[in-house]
Amino acid sequence: MRAYRLMMMLLLALLVSCSLSGVSLHASAPNRLPPYYRKWIDEDVTYIITQNERHEFLKLQTDDERDAYIQQFWESRNPTPHSLTNSFKEEHYRRLAYVRATFGDERYDDGWRTDMGLVYITLGAPQQKANYHQGMSTRPVEIWFYLSPTPALPAYFNLVFYKRSEVDPYTLYSPRDDGPTKIVTNDLHDDAQALKVIDKSMGAEATHAMVSLIPGEPINIDHPSPTMASDLLLEAVRNLPEQKLEKERIARLRAANREVVTSSIFTGNHATELETVVLRDSRGLDTVHYLLRNERPDPTLIGTLKDKRAGYEMTLTTRVSTEAGKAVYERRDQLAAGGISAQAVESGRGKVFGAEGRLPLVPGNYVVEATLTNNLTHDSSRASSKVIVPVGQPNSLAISQLMLYRGNPVQNGREQIPFTLAGVRFSPRGTQSVEVHAGESLPLVYQLWLSPKDLQAGEKSKAVHVHYTLGIVGSMAGDSNRIEEDEDVPVANADTAGNLVSGRTLDTSKLQQGNYRLVIKATGPGSSRPAFSTMTIRIVPPEANVEMWTAYGDDRLHPVWQDDFLRGLAAEALNDNAEAAACFRRALAINPNDSEIQTHLSAMDRKLVPHTPGAL
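Residues numbered from 1 in each chain as written. Predicted model: local features only at pLDDT ≥ 70, side-chain atom pairs only at ≥ 80, totals over all residues. Heavy atoms only, no water.

1. Side note on the overall build of the protein chain
Point 1. Across its full length, the protein chain holds 14 helices and 25 strands.
Point 2. For the protein chain, restricting intrachain contacts to residue pairs at least 6 apart in sequence, the fraction spanning at least 24 positions comes to 66%.
Point 3. Summed over its atoms, the accessible surface of the protein chain is roughly 28,700 Å², and 51% of this surface lies on carbon and sulfur atoms. (Helix = DSSP H or I, 4+ residues; strand = E, 2+ residues; numbered from the N terminus. Contact = heavy atoms within 4.5 Å. Areas by Shrake-Rupley, 256 points an atom, 1.4 Å probe, with all protein chains shown as cover.)

2. Observations regarding the packing of helix 12 (residues 560-573) against helix 14 (residues 595-608)
Helix packing for two helices is described by the angle between their axes and how far apart those axes are.
Point 1. The N-to-C vectors of helix 12 and helix 14 enclose an angle of 35°; their axes lie 11 Å apart at closest approach. When the axes of helix 12 and helix 14 are compared, the crossing they make is left-handed. Residues Trp561, Phe565, Leu569 and Glu572 of helix 12 form the contact with helix 14, whose own contacting residues are Glu596, Ile597, His600 and Met604.
Point 2. Counted by class, the contact of helix 12 with helix 14 contains 5 nonpolar, 1 polar and 2 charged residues. (Axes fitted to C-alpha atoms, helices over the stretch in contact; angles between N-to-C directions. Left-handed = near helix turned anticlockwise from the far one by under 90°. Nonpolar A, V, L, I, M, F, W, Y, C, P; charged D, E, K, R; others polar.)

3. Section: the sheet that holds strand 21 (residues 483-490)
Point 1. Strands sit in the order 18-24-23-20-21 across an open sheet of 5 strands; the sheet is mixed. The sheet is open, and its two borders are formed by strand 18 (433-437) and strand 21, each paired with just one other strand. Across the sheet, the mean angle from the axis of one strand to that of its neighbour is 25°, orientation sign disregarded.
Point 2. In this structure, strand 20 (residues 463-472) lies alongside strand 21, joined through 8 bridges in antiparallel fashion. Among the inter-strand pairings, His467 is bridged to a residue of strand 21, identified as Asp486. (Pairing = 2+ DSSP bridges.)

4. Points about the pairing of strand 24 (residues 531-540)
Point 1. Taken together, the 5 bridges between strand 18 and strand 24 define a ladder with parallel strand orientation. In the sheet register, Glu435 faces strand 24, and the bridge partner there is Arg538.
Point 2. Two elements, strand 23 (residues 514-523) and strand 24, share 9 bridges in a ladder whose sense is antiparallel. Bridged to Ile520 within strand 24 is Ser533.

5. Things to note about the pairing of strand 12 (residues 364-374)
The side chains of a regular strand alternate, first on one face of the sheet and then on the other.
Point 1. Of all the 11 residues making up strand 12, 8 are buried; the element is thus mostly covered by neighbouring parts of the structure.
Point 2. Pairing geometry for strand 9 (residues 310-322) and strand 12, over 9 bridges, is antiparallel. Within strand 12, the position partnered with Thr315 by the bridge is Thr373.
Point 3. Relative to strand 13 (residues 379-389), strand 12 runs antiparallel, the two being bridged by 10 bridges. (Buried < 20%, exposed > 50% of the residue type's maximum accessible area, 1.4 Å probe, protein only.)

6. Some thoughts on the packing of aromatic side chains
Point 1. Going through the model one piece at a time under the given rule, you end up with 17 aromatic pairs.
Point 2. Aromatic pair Phe73 and Trp74: ring centres 5.2 Å apart, planes at 80°, arrangement edge-to-face. Summarising the burial analysis for this pair, Phe73 and Trp74 share the class buried.
Point 3. Clustering of aromatic rings is evident, with ring pairs tying together Trp40, Phe57, Tyr69, Phe73, Trp74, Phe88 and Tyr93.
Point 4. Here Arg66 stacks its cationic end above the ring of Tyr37, 5.8 Å away from the centre of that ring.
Point 5. Residue placement shows Arg280 over the ring face of Trp449; its charged tip is 3.9 Å from the ring centre. (Phe/Tyr/Trp six-rings, centres within 6.5 Å; stacked < 30°, edge-to-face > 60°. Lys NZ or Arg CZ within 6 Å of the ring centre and 35° of its normal.)

7. Description of the side chain of Thr171
Point 1. When you line up the elements, Thr171 lands in strand 4 (residues 170-172).
Point 2. Side-chain polar atoms of Thr171 contact the side chain of Arg164, separated by 3.4 Å.
Point 3. Filtering out sequence-adjacent residues up to four positions away, Thr171 remains in contact with Asp115, Val160, Phe161, Tyr162 and Arg164. (Polar contact = N/O pair within 3.5 Å; in protein donor to acceptor, adjacent residues only side chain to side chain.)

8. Let's talk about the pattern of salt bridges
Oppositely charged side chains can pair when the atoms bearing their charge come close.
Point 1. Counted by the stated rule, this structure contains 35 salt bridges.
Point 2. Between Glu43 and Arg100 there is a salt bridge whose closest N-O contact spans 2.8 Å. Here the residue Glu43 occupies a position in helix 2 (residues 35-44), and Arg100 occupies one in helix 5 (residues 87-102), the gap between them amounting to 57 residues. With respect to burial, Glu43 and Arg100 carry one shared label: buried.
Point 3. Several salt bridges converge on common partners, so that one network encompasses Asp64, Asp67, Lys89, Arg319, Glu330, Glu369 and Arg382. (Salt bridge = Lys/Arg side-chain N within 4 Å of Asp/Glu carboxyl O.)

9. Examining the side chain of Thr508
Point 1. Structurally, Thr508 can be placed in the loop between strand 22 (499-506) and strand 23.
Point 2. Since its relative accessible area comes to 0%, Thr508 is described here as buried.
Point 3. At a separation of 3.1 Å, a polar atom in the side chain of Thr508 contacts the main-chain amide nitrogen of Gly439.
Point 4. A polar side-chain atom of Thr508 sits 2.6 Å from the main-chain carbonyl oxygen of Glu440.
Point 5. Among all residues touching Thr508, those that are not within four sequence positions of it are His437, Ala438, Gly439, Glu440, Leu442 and Ile539.

10. Quick notes on the sheet that holds strand 1 (residues 128-132)
Point 1. Strand order in the open sheet formed by 4 strands is 1-2-3-4, and the pairing between neighbours is antiparallel. The two strands at the open ends of the sheet, each matched to only one other strand, are strand 1 and strand 4. Neighbour-to-neighbour, the strand axes of this sheet turn through a mean angle of 25°, independent of strand direction.
Point 2. Sheet topology note: the strand 1/strand 2 (residues 141-147) ladder contains 5 bridges and is antiparallel.

11. What to know about the environment of Thr138
Point 1. Examined against the element boundaries, Thr138 turns out to sit in the loop between strand 1 and strand 2.
Point 2. We classify Thr138 as buried; its relative accessible area is 7%.
Point 3. Along the primary structure Thr138 and Ile198 are separated by 60 residues, whereas in three dimensions their C-alpha atoms are 6.8 Å apart.
Point 4. With residues near it in sequence (within four places) discarded, Thr138 still touches Ile183, Val184, Thr185, Val197, Ile198, Ser201 and Met202.

12. Focus: the packing of helix 7 (residues 191-202) against helix 8 (residues 204-211)
Point 1. Their axes nearest at 7 Å, the elements helix 7 and helix 8 cross at an angle of 145°. Here helix 7 and helix 8 pass one another in a crossing that is right-handed. Here Leu195, Ile198, Asp199 and Met202 of helix 7 come into contact with helix 8, specifically with Ala204, Ala206, Thr207, Met210 and Val211.
Point 2. Tallied by class, the residues present in the contact of helix 7 with helix 8 amount to 7 nonpolar, 1 polar and 1 charged.

13. Looking at unusual backbone geometry
Point 1. One non-glycine residue, Ser137, lies in the positive phi region at around 60°.
Point 2. By the secondary structure assignment, Ser137 is in the loop between strand 1 and strand 2.
Point 3. Here Ser137 falls in the partly exposed class, since its relative accessible area comes to 32%.

14. Looking at the confidence of the model for the protein chain
Point 1. With 87% of its residues at a pLDDT of 70 or more, the protein chain has an overall mean of 84.
Point 2. With pLDDT under 50 throughout, residues 1-27 is counted as low confidence; its partners more than four residues away or in other chains account for 35 contacts.
Point 3. Under a pLDDT of 50 for its full length, residues 611-616 has, in the predicted model, 4 contacts with residues more than four places off or in other chains. (pLDDT = per-residue confidence, 0-100.)

15. A few points about the environment of Asn52
Point 1. When you line up the elements, Asn52 lands in helix 3 (residues 51-59).
Point 2. The spacing of Asn52 and Glu242 is 190 residues in sequence and 9.4 Å in space, taken between C-alpha atoms.

Structure follows, in structure tokens:
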């Protein structure tokens, strides 16, 4: 009776699915979308989005609307609404990464298109797997056993995959449409005879699975006659988003979130700019620190929170992609504080705001897009920037970009806090360009990257010579008011990775309003080739508002192992499999039980080990 009710439930779900097949999917043809959104709708979420959601998305007219919709789509599936992390989204992209690396042809990145890819993305890893890759007179077969992750499917079931030929991918097997004769290599046309071959080659459990995917369902091996239960199961797996119970689950989450598609509005009223600086940590690994800075004060950022206290609640979402447009990873931080005093509120509303963040990466060319959403008003602003993480030159001196900071540096010892160098936190004011008042001091900080030979014992007593020049842009040589200063930075202060933090405070009291160029020239103790770094300084009128306040997310949510994992994703996106594997190994050494890291590392190891021609 239970099996009959289950079959009827699945049959009803199938009929509902079929009735929806007439819904138009081309309100706006996907091929007319920008590449990022076309990939999202046709590849990233193709197995988990409902037809109605797809139709709604294709009707949207602007990228801002699409961004808001995507944000709401993931939040509507978040098991813990409004939490700092979305475990559903993270697990989904982990599955995507796994199938891309494991199934299909890596030349075409089509693992997600395969039947195994579909099942893995939809249901995750099986609880058990039985491989029959080299059976006697049988084709290669895999059987995946599942405990159902959703009430929309039976409590437990098998899924069978087989190869129609040696060159074909594994295909989902249907007891009714394929039948046991498709599994054997002998030219048999009788299912009962084929089952005897399968039983001898694979055993009783596999034999049962060829007739029914539901363990425990009665079968007759001598006169096999598959019921509809297995086909209804396969149809439900292929169309899981359309199943009634699955839709109800999503609807409950959406109601709990109380979100709407237009929850984030890009008003354009708060122009922003994204400034970045590449710094190296104590291990010599690269991190991009960035400042998403408003061009003028925004009084609405600080308001009244739900608990009636004064404060702010913002979401900083950052997407990283390669220069070629391949997604690397997305990071989200919550910037929030409550109980701000009335005096601080008044002061903050009159200052320019900057959101701080950091992105662990490996050498390469990237595009970084940062979006700041004020959760109190749902207004958003966005900026993007091309970022180059340079390749280290082992026998030469290099210098990072320059950073102007405010206030006094604070010792914290946490490299996961943005703009932290050698355990010291610097509150940023600008990197590529900054605006200051005439006479204001310019406190600068930067990193010198030494070569290994500069760190040798014989060189420790030497120094890097640094020359500072600040003058009018375009007329540095003829500027009588230009500032020129020199200093020697002892090599002995460098850490074991060759990072040498230095800084200087320059006086601008002689400068008039206008644009100036700051040039730093550094010459190493054993190198005749100098390194350079520059910054634009704008001296603005006294009435111009240049005061700033900043905020960043909870650094405790970004442990060291996560830095290494994200660097691994960056190397993977750049097709540097060896570097990706090295990053994943470092992450796994710190967090050895993380299955996501293990999955990525296994995928990289398979790519690095040559395959024997003809091997299965």
